[in-house]
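Each chain, letter by letter, is given below.
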Protein chains: 6
Amino acid sequence: MTKQGCGMDLMQVVKQLERFAPTTLAEKWDNVGLLIEPAKDKVVQKILLTNDLTEPVMSEAVDKKVDLIISYHPPIFKPLTRITMGHWKERVVASCLVNNIALYSPHTAWDKIPGGVNDWLAQAVDIEDIKPLIPEPGAEPDTGSGRLVKTNMPLAKIVSALQEHIENDVHMACANGHNSNFNVKTVGICAGSGGSVLQGVPADLVITGEMSHHEVLDFNHNGTTVLLCNHSNSERGFLRQFQGQFVDRLKGACSVMISEMDTDPLTTKQRAN
Amino acid sequence: MTKQGCGMDLMQVVKQLERFAPTTLAEKWDNVGLLIEPAKDKVVQKILLTNDLTEPVMSEAVDKKVDLIISYHPPIFKPLTRITMGHWKERVVASCLVNNIALYSPHTAWDKIPGGVNDWLAQAVDIEDIKPLIPEPGAEPDTGSGRLVKTNMPLAKIVSALQEHIENDVHMACANGHNSNFNVKTVGICAGSGGSVLQGVPADLVITGEMSHHEVLDFNHNGTTVLLCNHSNSERGFLRQFQGQFVDRLKGACSVMISEMDTDPLTTKQRAN
Amino acid sequence: MTKQGCGMDLMQVVKQLERFAPTTLAEKWDNVGLLIEPAKDKVVQKILLTNDLTEPVMSEAVDKKVDLIISYHPPIFKPLTRITMGHWKERVVASCLVNNIALYSPHTAWDKIPGGVNDWLAQAVDIEDIKPLIPEPGAEPDTGSGRLVKTNMPLAKIVSALQEHIENDVHMACANGHNSNFNVKTVGICAGSGGSVLQGVPADLVITGEMSHHEVLDFNHNGTTVLLCNHSNSERGFLRQFQGQFVDRLKGACSVMISEMDTDPLTTKQRAN
Amino acid sequence: MTKQGCGMDLMQVVKQLERFAPTTLAEKWDNVGLLIEPAKDKVVQKILLTNDLTEPVMSEAVDKKVDLIISYHPPIFKPLTRITMGHWKERVVASCLVNNIALYSPHTAWDKIPGGVNDWLAQAVDIEDIKPLIPEPGAEPDTGSGRLVKTNMPLAKIVSALQEHIENDVHMACANGHNSNFNVKTVGICAGSGGSVLQGVPADLVITGEMSHHEVLDFNHNGTTVLLCNHSNSERGFLRQFQGQFVDRLKGACSVMISEMDTDPLTTKQRAN
Amino acid sequence: MTKQGCGMDLMQVVKQLERFAPTTLAEKWDNVGLLIEPAKDKVVQKILLTNDLTEPVMSEAVDKKVDLIISYHPPIFKPLTRITMGHWKERVVASCLVNNIALYSPHTAWDKIPGGVNDWLAQAVDIEDIKPLIPEPGAEPDTGSGRLVKTNMPLAKIVSALQEHIENDVHMACANGHNSNFNVKTVGICAGSGGSVLQGVPADLVITGEMSHHEVLDFNHNGTTVLLCNHSNSERGFLRQFQGQFVDRLKGACSVMISEMDTDPLTTKQRAN
Amino acid sequence: MTKQGCGMDLMQVVKQLERFAPTTLAEKWDNVGLLIEPAKDKVVQKILLTNDLTEPVMSEAVDKKVDLIISYHPPIFKPLTRITMGHWKERVVASCLVNNIALYSPHTAWDKIPGGVNDWLAQAVDIEDIKPLIPEPGAEPDTGSGRLVKTNMPLAKIVSALQEHIENDVHMACANGHNSNFNVKTVGICAGSGGSVLQGVPADLVITGEMSHHEVLDFNHNGTTVLLCNHSNSERGFLRQFQGQFVDRLKGACSVMISEMDTDPLTTKQRAN
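Quantities reported herein were computed from a predicted structural model and do not represent experimental measurements.

> Can you help me understand the overall build of chain A in this one?
A count of helices and strands for chain A gives 9 helices and 14 strands. Here the C-alpha atoms of chain A give a radius of gyration of 20 Å, agreeing with the 19 Å that 2.2 N^0.38 yields for 273 residues. For chain A, the spread of C-alpha atoms along the principal axes amounts to about 60 × 45 × 35 Å. Here chain A holds 273 residues, and 59% of them are scored as buried. The long-range share in chain A, meaning contacts at least 24 apart out of those at least 6 apart in sequence, stands at 68%. Total accessible area on chain A is roughly 11,000 Å²; 50% of this is exposed by carbon and sulfur atoms. One way to put it: in chain A the 25 positive side-chain charges average out to a point 4 Å from where the 32 negative ones average out.

If you want it as structure tokens, here you go:
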């Protein structure tokens, strides 16, 4: 039996993370799993969850003496040819190693699993039916990239429900012919930057984090309204859901905190009228 | 002498557009110049200016019986293998031809010229000095991609000046250590999607239209605050400046209108508190 | 019941063309199907068949007020970045749109079907057996690229039969060891430019439209005589066969004409002796 | 002093060939120069000239006991991974080596020199002025690919002059608007397969060996009539001119013969009327 | 019945070589099989076996008037664009043809077969179990690249056994923690240059011909000692085994000799102490 | 004035290393310079020189509490996507960071400078003249890849001189026609793996660290004898020369040691006779 708060071997924690979402699900271009292992036989007592491992979050981790950071986005993406004080991602990597902190990133593995990031984002709308946009070949049911949701809600109601779900502003681009009374029947969902996963989806509405101007115009001309949350605001709320589930998986052996410094970098400054 | 409003041969109008901004300045990947010539010896009386040639703008052009559309963004970007009613860009091309409307796009040629789109966007700040970020080899002085501006303004003042200049909201991501009192000395400017042109620019602040989440984090960690206007809001205001100049160039032979339907697709829906 | 000559909706005509030869059969590099759709709900009364949509054929189509051109070769092959009066293919595209004429090209789909262009060309020889050179995977029997024919005719007799079938001159390159009395047992057939489809075919004779000098030498040294028809002369005669079949498919709703201006560009000028 | 017919060291003959046309002029993709050197210190008494080294020509070379074959086209073009009796080009290579015959190919070096293959082909028309289409950078004047000729002859007269010059039939594709009375002022010349070298040349007429159907249609629509000689008939006549010049260069040390078996593989079989 | 020493048609000898080891087994990048066939209907009485067809070996073949050389390494690897006296591989090819000697190379086909080069090299150790490292898909059992051997010998004993097996020196790089008493349980085997085939093999020891410095360091740090034989010394001894087997296959129709000139180019010069 | 042994700021040490050999000289594919900077404002008292940063050398560095390792070969070559305990190069990187040790690699910059690694290796022979094989464009004289040396020594004498210079065995492959009495006039030099830099060099002898079997055969057939030192034995001796020079440059501020654990992994085990 695991004793409360007494810690767990890092490799055991990684095994639980793999059970929650196998990293074999991640995209070929992605860089996921245990990215930094600072020493052999590392024991983990404190875990910090974050969406982005920025330098303020890194400082928080050091201050709180955590043993493991689970960062949804992988801090090492472009492979490293050196580790110096001259680039923030190299500073973060060095700080992990010097402070004996392990680092794990799940990214697209969490996007694809049932009950993962995309399913969390979809909770913003009333769900009559939901399925992956790109089902994962050979995986268990309901696994895959993006989600297609059947619903029955006026656009205006979805906008306010989404604002509450992500606890933030949203940006909207109405399809030609739509207005706030338009009754939405189908919604494409993709957390993060959804332009390519959502491309060509036959839906009244798509909800994602960010999308380029020319992609937005394409959706609008194909009869699809676009709602943008800002990239990390479409993902971050999932951490609270994960926190509860993971504490249970670890049977209380580790404490699991959510970063207080992690936040989307962008805020909208409204023009005064 | 050109008679008022009596029109001008299309090829003469194109010649004036080339004098204003030579299309040889455009990027290699761009598709600029006269994109649709519906018939030989076309005479132009009415010209419509737009940032994006969306279908509402196309309808406006037909209704107003214009002869030439000048669309900043090229409506043909991915080359066409067919022209059918099944895709909005093909419908726009067909509508131009069927309605005998010519189409011209300047895009990156207008970005690079002195007095062009980037210089217009830079007017949002007090300019002590300004020069291109990437000077154009072999071109006349002050020509090139992006702009680097020396100024001396608190960040908060720049935000409100930019809101007034583009007549719209802006989105801000503060560099680690900056706040609204931070006194900005250097500003990188790039209309549209400025992530790659602005990359690595040593500036306190960058102003552009749109930028991805991961690019924003990189700028912030390098000590650079980011202001985003939305893509087309960083460009559209230049049309008014061009309108006046071009009427003069044509010596009144053509009337030059700005589209009433052209607008950025995105608007921010603030969360009620 | 369809009324004689009263026309048929364009999409219904396209559906009949797809039934005759599914465009999914076409090669990956090809550009086939409905290439120009000038307006929604276009009704087709007159159809013009041509091998190549040259400008003289385009003028004929306008003069005859046809609604749909079926051009065996696709007039749009290299994708278009603009549509101006400066290039003949762009002029043809503009003329279709301005004159409200639809355009459909079947190309390699017609080559592959049983009863298509290659089977028509093979009729020049006495056929004891015939099968595709490259059978189409997953398609119905007798479908594929090129044909391999078993026959039993002296070479001289095939030459004159081919001249009658295509109603034109032919060009011959005799294999080392062959002469006009050589009894041909196997013939490789490929309408158009057959060098790559016919490469390595174990046949006494190959018949195609055109072939490069170095390809001809290779065939001759491998024991294969070559007969060339000129590119379009190896294809054009099929239009008469198609005409009859397609009138029946449309149940007389549209009139179907063959172009009078369409002809191979090359003619041989014999040296006077 | 060189004694008549007593032969010359192979390397000396190669040196004279290089002086006539430096192989450094050849295209990057070409394979020119001494391709087969069967033994050290080879002495050359008999030289055979041919356009293509076919197997009948190879037999002739063996029968005539020649020491060196100069083949305009390189018999080794696709590099060899083996030399067996199963492929004609490998048989030709083996036959050279076994019969102690050297092989030299000049190809595009002869095309480019002043007084070379293209200048020979141009002699079919009255020349008022002549210059290379693509001048060779850094080479002596009048060197380069293709030729542009100024002349003043009716099309019909050029056709018959060309027939006499190449002593063979020609194939003609008239530009839209041209006929046999059309007075030709400018002619593009390219021996062999001229489609890419001649592309876009502003000429009333182009003369080459072979050209694809789609290339011919492009020239005709750009106002350019096309005359085709068959590939090798546009080149072979140059051998007679070279023969005389080269005997002089060698000061009679070697006998220089033209192949009696070398001929274009294609002949036109006219349809009986 | 085949008469002793009376010779055999070349194609029959090749058929026996293919039965011994099908060239379809060879790697895609390899160039194997009958590389030189000097004439039709060549009869083979004398066969010379060699590992590398160097010029001393070629001279030996000419002196001994052999009809066929079987060279394990293909003398033609980079395809040939010419055959002159200026490059040693071209001289070897010319010498084969001029002296009417055929050439066959098996290379990676011999590596993969059961009882081939790798199995021969593996005989240096006591074999408890042996299987291919990369089994050949679709081939008979025990076929494939490299070998993984189970054994039970101290390292020092393997070193001396290998010296005796190849009759030459060996070069050793001890894994971190290994010494001459280390008891080896698993051995990866790859004749020739084994760096990529052996990469990542979980073995106490690898035996190959040559390996780069950086590859050696990788093996040593992964707990694997490296033994190098020099490239051809890891292959040459197999020729004796093949010699006996092939004489039997040919039923004595041809004499089969091993080259006396073939040897590894490198010898170690020990520093005097 | 710098105080003896009191240390120097890491960035000052790096500046001295750059003065000794600018990293801008390194090859494009190389990864040189300061590869690990464990903290800001790092002060360096002890420096360890090594050819390869193996794990035994890393342990030595930790034991000796060095502040900076200068490793001729860059330990990070293939860029890193993670840093774990599962791969030796990642363990070395982690160990540097955790133990607060900086890492610098010069590699090909040291090869190219006058007085660098190649000039050191060349000292094994009597030098009458020496120059780079591939002079560095735009660099000061005597800079570049490889060296070409004029000398006048019998081969046997060079062998023993090289053994003394590198203090180790050498491996020799004699050119066809050479023997130990051959008088060497020209020597190509390239430390490390010299196959491509030395390719085609017109020399009686080449000296390098390692070379593949097929490269050795090519050199021998072109009349060039090959002497191999083993990769790192052709480089390591330079460290002693550098040590003295660098202590002077640093004016004694740091102590500079040579690793006692760094050694070539391979040793030759001679076969007992």
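> How do you make sense of the relation of the copies chain B and chain A when you look at a structure like this?
Each of the two copies of the chain can be brought onto the other by a rotation about an axis and a shift along it. Superposition of chain B onto chain A requires a rotation of 180° combined with a translation of 0.0 Å along the rotation axis, giving an RMSD of 0.0 Å. Such a turn and shift between the copies fits a two-fold axis. Minimal C-alpha separation from the rotation axis in chain B is found for Thr268(B), amounting to 3.9 Å. Both copies contact each other with a shared surface, as 100% of the interface residues of chain B are interface residues in chain A too.

> What is the right way to look at the UniProt feature "binding site: a divalent metal cation" (unreviewed entry) in chain A in this model?
Residue and element names in this part refer to chain A. The positions UniProt marks with the feature "binding site: a divalent metal cation" (unreviewed entry) are His73, Asp111, His231 and Glu235. Taken along the chain, the residues just named run across 163 residues; in space they keep tight, none of their C-alpha pairs more than 13.5 Å apart. Mapping His73 onto the fold places it in the loop between strand E5 (68–71) and helix H3 (88–98). On the basis of relative accessibility, which here comes to 3%, the residue His73 falls in the buried class. With respect to the element layout, Asp111 can be found in helix H4 (residues 108–112). Discounting residues that sit within four places of it in the chain, Asp111 has contacts with Tyr72, Val117, Asn118, Gly144 and Arg147.

> Mind showing me how you'd approach the pattern of salt bridges here?
Once the charged atoms of two side chains with opposite charge are near each other, the side chains can pair. Under the definition given, this model contains 60 salt bridges over all chains. Arg240(E) serves as the salt-bridge partner of Glu167(E), at 3.7 Å between the closest nitrogen and oxygen. Taken together, the residues Glu167(E) in the loop between helix H6 (155–166) and strand E9 (170–173) and Arg240(E) in helix H9 (residues 238–249) connect sequence positions 73 residues apart. Each of the salt bridges in this network shares a partner with another, and the network as a whole consists of Glu27(A), Lys112(A) and Glu136(A).

> For this particular structure, what's the right way to read the arrangement of the chains?
Separated throughout, chain B and chain D approach each other most closely at a C-alpha pair spaced 16 Å apart. No interface is formed between chain C and chain F, the nearest pair of C-alpha atoms being 35 Å apart.

The rules behind these values
Residues numbered from 1 in each chain as written. Chains lettered and ligands numbered in written order. Predicted model: local features only at pLDDT ≥ 70, side-chain atom pairs only at ≥ 80, totals over all residues. Heavy atoms only, no water. Helix = DSSP H or I, 4+ residues; strand = E, 2+ residues; numbered from the N terminus. Rg over C-alpha atoms; globule rule 2.2 N^0.38 Å. Buried < 20%, exposed > 50% of the residue type's maximum accessible area, 1.4 Å probe, protein only. Contact = heavy atoms within 4.5 Å. Areas by Shrake-Rupley, 256 points an atom, 1.4 Å probe, with all protein chains shown as cover. Lys, Arg positive; Asp, Glu negative; His and termini not counted. Charge placed at Lys NZ, Arg CZ, Asp CG, Glu CD. Least-squares fit on C-alpha atoms with pLDDT ≥ 70 in both. UniProt positions renumbered as here; feature names shortened; annotations may be inferred. Salt bridge = Lys/Arg side-chain N within 4 Å of Asp/Glu carboxyl O.

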